[in-house]
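Each chain is listed here by its residues.
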Amino acid sequence: MIDYKPFWDTLEKSDDNWYTLTHKHNINSATLHRLKHNLPISTVTIDLFCKILHCEVSDIIRYIPDEKQQ
């Protein structure tokens, strides 16, 4: 399972928030909704978040193995 908890942790530590992402950086609120609900986003979007938040991909996304598939 893909999890975006690192994104929220990184965002909390930054000077940005939901409002600045949507208004200053023109991130669609639907994209933030997708992150909140662990729905797929594109690698282009991940790249954009890394640029905005000055972070690594691992600060945005993590993989958690699904126990059912093991």
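Up top you'll find the structure we're talking about.
Residues numbered from 1 in each chain as written. Predicted model: local features only at pLDDT ≥ 70, side-chain atom pairs only at ≥ 80, totals over all residues. Heavy atoms only, no water.

**Concerning the pattern of salt bridges**
Summed over the entire model, instances satisfying the criterion amount to three salt bridges. For R62, the salt bridge identified is with D3, shortest N-O distance 2.6 Å. Note that R62 is positioned in strand β2 (residues 62-63) and D3 in strand β1 (residues 2-3), a separation of 59 residues in sequence. What makes D3 buried here is its relative accessible area of 8%. In this structure, K51 and D47 form a salt bridge, with 3.1 Å as the shortest nitrogen-oxygen distance. In this pair, K51 and D47 are both assigned in helix α4 (residues 43-53), four residues apart and thus about one turn of the helix distant. Since its relative accessible area comes to 55%, K51 is described here as exposed. (Salt bridge = Lys/Arg side-chain N within 4 Å of Asp/Glu carboxyl O. Helix = DSSP H or I, 4+ residues; strand = E, 2+ residues; numbered from the N terminus. Buried < 20%, exposed > 50% of the residue type's maximum accessible area, 1.4 Å probe, protein only.)

**A few points about the nonpolar core**
A general tendency of soluble globular proteins is for nonpolar side chains to be buried together. Core analysis: the largest hydrophobic core is formed by 16 residues, its most contacted members being F7, L21, L32, L35, F49, L53 and I60. The set of elements that each furnish at least two residues to this core consists of α1 (5-13), α3 (29-36) and α4. Per-element accounting of this core gives the leading share, five residues, to α4. Apart from the residues lying within four places of it in its own chain, the contact partners of L53 are F7, T10, L11, S14, D16 and I60. (Core = buried A, V, L, I, M, F, W, Y, C linked by side-chain atoms within 4.5 Å. Contact = heavy atoms within 4.5 Å.)

Keep in mind these numbers describe shape, not what the thing actually does.
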